[in-house]
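Fold and contact review
What follows is each chain in one-letter form.
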Protein chains: 2
Amino acid sequence: MALRLQFNLTDFESRFREVLTMKREISEDVDTAVRAIIADVVEHGDKALIDYTNRFDGLDLSKTGLAISSDEVDAAIKVCEPDTLSALELAAERIRVYHELQKPQDHQSTDSLGVTLGWRWTALESVGLYVPGGTASYPSSVLMNAIPAKVAGVERLVMVVPTPRGETNPLVLAAARLARVEEIYRIGGAQAVAALAYGTDTIQPVAKIVGPGNAYVAAAKRRVFGQVGIDMIAGPSEVLIIADKHANPDWVAIDLLAQAEHDTAAQSILITDSIELADQVERCVEAHLKTLPREKIARESWNNYGVIITVDDIKDALALSNRIAPEHLEIECQNADELVSSVRNAGAIFLGSHTPEAIGDYVGGPNHVLPTARSARFSSGLGVLDFMKRTSVLKCDRQALAVLGPAAVALGKSEGLDAHARSVAIRLN
Amino acid sequence: MALRLQFNLTDFESRFREVLTMKREISEDVDTAVRAIIADVVEHGDKALIDYTNRFDGLDLSKTGLAISSDEVDAAIKVCEPDTLSALELAAERIRVYHELQKPQDHQSTDSLGVTLGWRWTALESVGLYVPGGTASYPSSVLMNAIPAKVAGVERLVMVVPTPRGETNPLVLAAARLARVEEIYRIGGAQAVAALAYGTDTIQPVAKIVGPGNAYVAAAKRRVFGQVGIDMIAGPSEVLIIADKHANPDWVAIDLLAQAEHDTAAQSILITDSIELADQVERCVEAHLKTLPREKIARESWNNYGVIITVDDIKDALALSNRIAPEHLEIECQNADELVSSVRNAGAIFLGSHTPEAIGDYVGGPNHVLPTARSARFSSGLGVLDFMKRTSVLKCDRQALAVLGPAAVALGKSEGLDAHARSVAIRLN
């Protein structure tokens, strides 16, 4: 049973604050181990990768080689279901089209003083993409991470994926091919992150590392940050659904469970102005749970972290949602299009009754790599800009410098930076 | 004397690699102390701030209060030089105009399937701005951090600045006023970062913390990252100047020293295709050094980290510059406008002989908060986007879901996520 809160009760604020500060992740302290692994890869390169892969994945890379060849990818694609491959192709195309819209514009203009100002966007030269092994190895995530990088113009996209006892996920390799990833290594864990950041004889280093991973991968990414760029450190998934009395309780219930089935630490929240809907959804959740293959995971998530909040006015639902800053926000209300303008903090919004969050996980087009754990208050989902950087451009001619120079000299002197001041003054004479 | 390298010598590559991997910063291990300070502020709030400020800044906040009042800012402005104030105003206006150009556009379109797609940009609700005390307290940095936040639409901008023994920098307060910062606290160090991230009775928490600081501030920012957003962790400043035989050696020399005077760990690099210019610049550097108030700092930086590289072809200079990925890049060549298109990795570019980097530090318009330590390979200078976040929006109607749904069902099932598949399938019937 999920937690049930009522907005107009006096204890609401304190109980809502408990929801906001709920700890859902047990942070494993793996930093010491990760530090040693990184140092080892920096010192011993490929040899360290071979040793760790032997130990952690039960695989002898000295026999298989580090790289997964193009022939192996061809072979993997042949064993995939044709229907699933077609679905992946549709997804890839829609993700590509959406992200093309995100490509930024360069700017250059000359102001009234004759100063030419602007910026240039350029793609990162190389990016590493971490893909988990085992059950958390999602082909859709390969597309979501790789396609924006390719749209940005990243030339070299390197994938690493652990293959425990040599087992690969054919759909992951198919997704890599679709996303035009041409360099793949069968390594994982902190050792793979270290190899991408610092390079080995076989693997050239990259400029940025993206993609999800376990506690070791997350700790390694934090540690190599600065040497290379990293994306966000993602936490367990979340959905918040705002629904009114017109919503279908059965649909709302399965959407809540589609989050809950990810992980026992996932969180599903419903806010509604209809007590009747709240009651119906609770019952539908129980009915669905009984027939879900991942019942155990979903039930644990729902019982421990599920929340249903009833409000008198749907506007209060929006205000609470902005405080939560959910990763995924579904608005299943009749006036969804109107309510969306009040959303301030959310990773992704799904509008209306025919937009279940799962459509966005796969084939909607927008990215499914989104800020979790309330970080939508200050960050965005993955996009093309994460694979580009902006360089400002400034050009003064003699006349422009004559106008601007004295102010720069004054400020340089006021900050005690005389060489700054002199570098301008010397050009004014 | 700076290091001198020649591109066409056989040992060049190995010596250049040494330049690339030069360690300029001694990373102090302050993490244990910082962890304790943060825990203390989380537990004791204002009381902890009072204790630490007593201990580190020799100031009794229980007498002064935490906040710097509007009256104190008024009084500070009155003691500033009118010329410097005018220069600050010019700088603020130019920074504002440049950053207005960066404001991103929302997008919404409906594709041929009837799927409505897009995104909305929203400003962060609140941002904390760290300003160092003492000699590293630069009014220009207040403008560069605060104005993009205000342009983005951040409502609440909170500044923290330590005031050792109660001493404030009047120009810093004047800059805060110009940038419309209306909430200022006289605290610094890891304790100020903790207060901004977690809040106290007096200080409401913020969503993101930006601004430079010492090793304690940097470690605290790394540690609170996730709870709040942070900007980059900036290292010592750098300039790379590409100059041809037409450049003025005296101007090039003072530009190199304008970086070197920042910090003994700063780095100034010249790459030129003229051995004559290289020799002249070396001599001019020596001549300038003798008359600089910050001679000692600048000389130590130049002797330890200064580099002059001579190349046969200026195109090689661009290639080397892209490998270095400098924070600041000056191109003082006759064909500067043409060469700029070959720049791939740089924080900010300054074109031609009348654009000394110092003009960009103050009144050019572009931001002077830029990626250091080769991080221009993967990141950008501070801008309006750092104070906004993008929320994707997706809406399917019944018909669109009918077309896209089967692919989502197939992918959900292929990933073993049956509730995902069911949440779509249930709506298709």
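Just so it is clear, the model here is predicted, and its values are computed rather than measured.

Another aspect to go through is the overall build of chain A. Counting its secondary structure elements, chain A contains 18 helices and 14 strands. Across the 429 residues that make up chain A, the buried fraction comes to 59%. Counting only contacts in chain A whose residues sit at least 6 apart along the sequence, the fraction spanning at least 24 positions is 74%. Accessible surface, chain A as shown: approximately 16,500 Å² in total, 49% of it carbon and sulfur. Once the 42 positive and 57 negative side-chain charges of chain A are each reduced to a mean point, those two points are 7 Å apart.

Next up on the list: the UniProt feature "binding site: NAD(+)" (unreviewed entry) in chain A. Residue and element names in this part refer to chain A. As annotated by UniProt and renumbered to match this structure, "binding site: NAD(+)" (unreviewed entry) occupies Tyr 130, Gln 191 and Asn 214. A maximum C-alpha distance of 12.7 Å among these annotated residues, which run over 85 residues, shows that they cluster at one spot. On the secondary structure map, Tyr 130 appears in strand β4 (residues 126-130). The contact partners of Tyr 130, leaving out residues within four places of it in the chain, are Val 160, Pro 162, Gly 188, Gly 189, Ala 192, Val 193, Val 210, Gly 211, Pro 212, Gly 213 and Val 217. Structurally, the position occupied by Gln 191 is in helix α9 (residues 189-198). The exposure class of Gln 191 is buried, given its relative accessible area of 2%. With sequence-adjacent residues up to four places away left out, Gln 191 is seen in contact with Ile 37, Val 41, Leu 49, Tyr 52 and Phe 56. A distance of 3.0 Å separates a polar atom in the side chain of Gln 191 from the backbone oxygen of Gly 188.

All names here are of chain A. With nine of ten residues buried, α9 lies mostly within the body of the structure. The complete set of buried residues in α9 reads Gly 189, Ala 190, Gln 191, Ala 192, Val 193, Ala 194, Ala 195, Leu 196 and Ala 197. Looking at the buried side of α9, the elements it contacts are α2 (31-44), α3 (46-57), β4, β5 (156-160), β7 (208-210) and α10 (215-224). Positive backbone phi, approximately 80°, marks Gly 199, located one or two places after α9.

As a further point, take the UniProt feature "binding site: Zn(2+)" (unreviewed entry) in chain A. In this numbering, the UniProt entry assigns the feature "binding site: Zn(2+)" (unreviewed entry) to A:Gln259, A:His262, A:Asp361 and A:His420. These residues run over 162 residues, and the two farthest C-alpha atoms among them are 55.7 Å apart, placing them at more than one spot. Relative to the helices and strands, A:Gln259 resides in helix α11 (residues 249-260). With relative accessibility at 0%, the residue A:Gln259 sits in the buried group. Excluding its chain neighbours within four sequence positions, the residues that come into contact with A:Gln259 are A:Ser237, A:Glu238, A:Val239, A:Ala266, A:Gln267, A:Ser268, A:His328 and A:Glu357. Considering the arrangement of structural elements, one finds A:His262 in the loop between α11 and β10 (267-272). With relative accessibility at 24%, the residue A:His262 sits in the partly exposed group. Setting aside residues no more than four positions away along its own chain, A:His262 makes contact with A:Tyr138, A:Ser237, A:Arg294, A:Ile297, A:Asp361, B:Leu417 and B:His420.

This part takes up the pattern of salt bridges. Inspection of every chain in the model, using the stated rule, returns 44 salt bridges over all chains. Residues B:Glu332 and A:Arg427 are paired through a salt bridge, measuring 3.2 Å at the closest nitrogen-oxygen approach. Highlighted residues: B:Glu332 in strand β12 (residues 328-332) and A:Arg427 in helix α18 (residues 418-428), drawn from two different chains. Both residues of the pair, B:Glu332 and A:Arg427, count as buried. The residue B:Glu183 makes a salt bridge to B:Arg156 at a minimum N-O spacing of 2.9 Å. Of this pair, B:Glu183 sits in strand β6 (residues 183-185) while B:Arg156 sits in strand β5 (residues 156-160), and the two are 27 residues apart along the sequence. Each of A:Arg4, A:Asp279 and A:Glu282 takes part in a single network of salt bridges with overlapping partners.

This part is about the interface of chain A and chain B. Taken residue by residue, the interface counts 117 residues in chain A and 118 residues in chain B. In this assembly, chain A packs against chain B so that about 10,200 Å² is buried in total across both faces, 58% of it on carbon and sulfur atoms. The interface formed by chain A and chain B includes ten salt bridges. We note a salt bridge from A:Lys395 to B:Asp337, for which the minimum N-O separation is 2.9 Å. The tally of links from chain A across to chain B stands at 70 residue pairs in polar contact (both at pLDDT 80 or more). Here the side of chain A that touches chain B gets ten residues from one element, more than from any other, and that element is helix α17 (residues 398-414) of chain A. Among the residues making up the side of chain A that touches chain B, the classes are represented as 57 nonpolar, 34 polar and 26 charged. Bridging between strand β13 (residues 348-351) of chain A and strand β14 (residues 388-395) of chain B involves four bridges; their strand directions are parallel. When the bridges of β14(B) are listed, A:Ile349 appears paired with B:Val393.

Soluble globular proteins tend to bury their nonpolar side chains together. Counting residues in hydrophobic clusters, the biggest one holds 138 residues, and the most contacted among them are A:Met159 and B:Met159. With near-sequence residues (within four places) excluded, B:Met159 lies in contact with B:Leu129, B:Val131, B:Val142, B:Val172, B:Leu173, B:Ala176, B:Val181, B:Glu183, B:Ile184 and B:Tyr185.

To continue, consider the packing of aromatic side chains. Under the defined criterion, the tally for this structure stands at eight aromatic pairs over all chains. Considering the side-chain rings of A:Phe7 and A:Phe12, the 5.1 Å spacing of their centres and the 70° angle between planes classify their relative orientation as edge-to-face. Residue classification places A:Phe12 among the buried positions, given a relative accessible area of 4%. Ring geometry for A:Tyr98 versus B:Trp119: centroids 5.7 Å apart, planes at 85°, classification edge-to-face. Note that A:Tyr98 is positioned in helix α6 (residues 82-100) and B:Trp119 in strand β3 (residues 116-123), a pairing that runs across two chains. With relative accessibility at 2%, the residue A:Tyr98 sits in the buried group. Here a set of aromatic residues connected by ring pairs shows up, and it is made of A:Phe7, A:Phe12 and A:Phe16.

So, about the domain arrangement of chain A. In terms of domain boundaries, chain A breaks down into domain 1 (3-22 + 235-364), domain 2 (31-116 + 123-230) and domain 3 (396-428). A separation of 47 Å is found between the C-alpha centroids of domain 2 of chain A and domain 3 of chain A.

Our next topic: the environment of B:Thr84. Following the sequence through the fold, B:Thr84 ends up in helix α6 (residues 82-100). Note on B:Thr84: relative accessible area 9%, which makes it buried. Between the C-alpha atoms of B:Thr84 and B:Leu171, which are 87 residues apart in sequence, the distance is 8.4 Å. Leave out the neighbours within four places in its chain, and B:Thr84 touches A:Ala410, A:Leu411, A:Ser414 and B:Leu171.

On to unusual backbone geometry, then. Positive phi outside glycine occurs at B:Arg180, with the angle close to 65°. Within the secondary structure layout, B:Arg180 lies in the loop between α8 (170-178) and β6.

Okay, the sheet that holds β10(A) next. Strand order in this open sheet of nine strands is β1(A)-β11(A)-β10(A)-β9(A)-β12(A)-β13(A)-β14(B)-β3(B)-β2(B), and the pairing throughout is mixed. On the outer flanks of this sheet lie β1 (3-6) of chain A together with β2 (107-110) of chain B, each paired with one strand and no other. Pairwise comparison of adjacent strand axes, ignoring direction, gives a mean angle of 15° for this sheet. Contacts from helix α1 (residues 12-20) of chain A reach β1, β10 and β11 (307-310) of chain A, with the element oriented near 140° to β1(A).

Further remarks concern the pairing of strand β3 (residues 116-123) of chain A. All names here are of chain A. Extensive coverage of β3 is indicated by the burial of eight of its eight residues. With burial as the criterion, each face of β3 is covered, one bearing Thr 116, Gly 118, Arg 120 and Thr 122 and the other bearing Leu 117, Trp 119, Trp 121 and Ala 123. As paired elements, strand β2 (residues 107-110) and β3 share four bridges and run antiparallel to each other. Paired with Gln 108 across the two strands is Gly 118, which belongs to β3. Here β2 folds back onto β3 in antiparallel fashion, the turn holding five residues, of which Gly 114 has a positive phi close to 95°. Judged from the eight bridges that link them, β3 and strand β14 (residues 388-395) form a sheet pairing that is antiparallel. By the bridge assignment, Arg 120 is partnered in β14 with Thr 391.

Rules of the game
- Residues numbered from 1 in each chain as written.
- Chains lettered and ligands numbered in written order.
- Predicted model: local features only at pLDDT ≥ 70, side-chain atom pairs only at ≥ 80, totals over all residues.
- Heavy atoms only, no water.
- Helix = DSSP H or I, 4+ residues; strand = E, 2+ residues; numbered from the N terminus.
- Buried < 20%, exposed > 50% of the residue type's maximum accessible area, 1.4 Å probe, protein only.
- Contact = heavy atoms within 4.5 Å.
- Areas by Shrake-Rupley, 256 points an atom, 1.4 Å probe, with all protein chains shown as cover.
- Lys, Arg positive; Asp, Glu negative; His and termini not counted.
- Charge placed at Lys NZ, Arg CZ, Asp CG, Glu CD.
- UniProt positions renumbered as here; feature names shortened; annotations may be inferred.
- Polar contact = N/O pair within 3.5 Å; in protein donor to acceptor, adjacent residues only side chain to side chain.
- Salt bridge = Lys/Arg side-chain N within 4 Å of Asp/Glu carboxyl O.
- Buried area = accessible area lost by both parts, 1.4 Å probe.
- Nonpolar A, V, L, I, M, F, W, Y, C, P; charged D, E, K, R; others polar.
- Pairing = 2+ DSSP bridges.
- Core = buried A, V, L, I, M, F, W, Y, C linked by side-chain atoms within 4.5 Å.
- Phe/Tyr/Trp six-rings, centres within 6.5 Å; stacked < 30°, edge-to-face > 60°.
- Domains from an automatic or database assignment.
- Axes fitted to C-alpha atoms, helices over the stretch in contact; angles between N-to-C directions.

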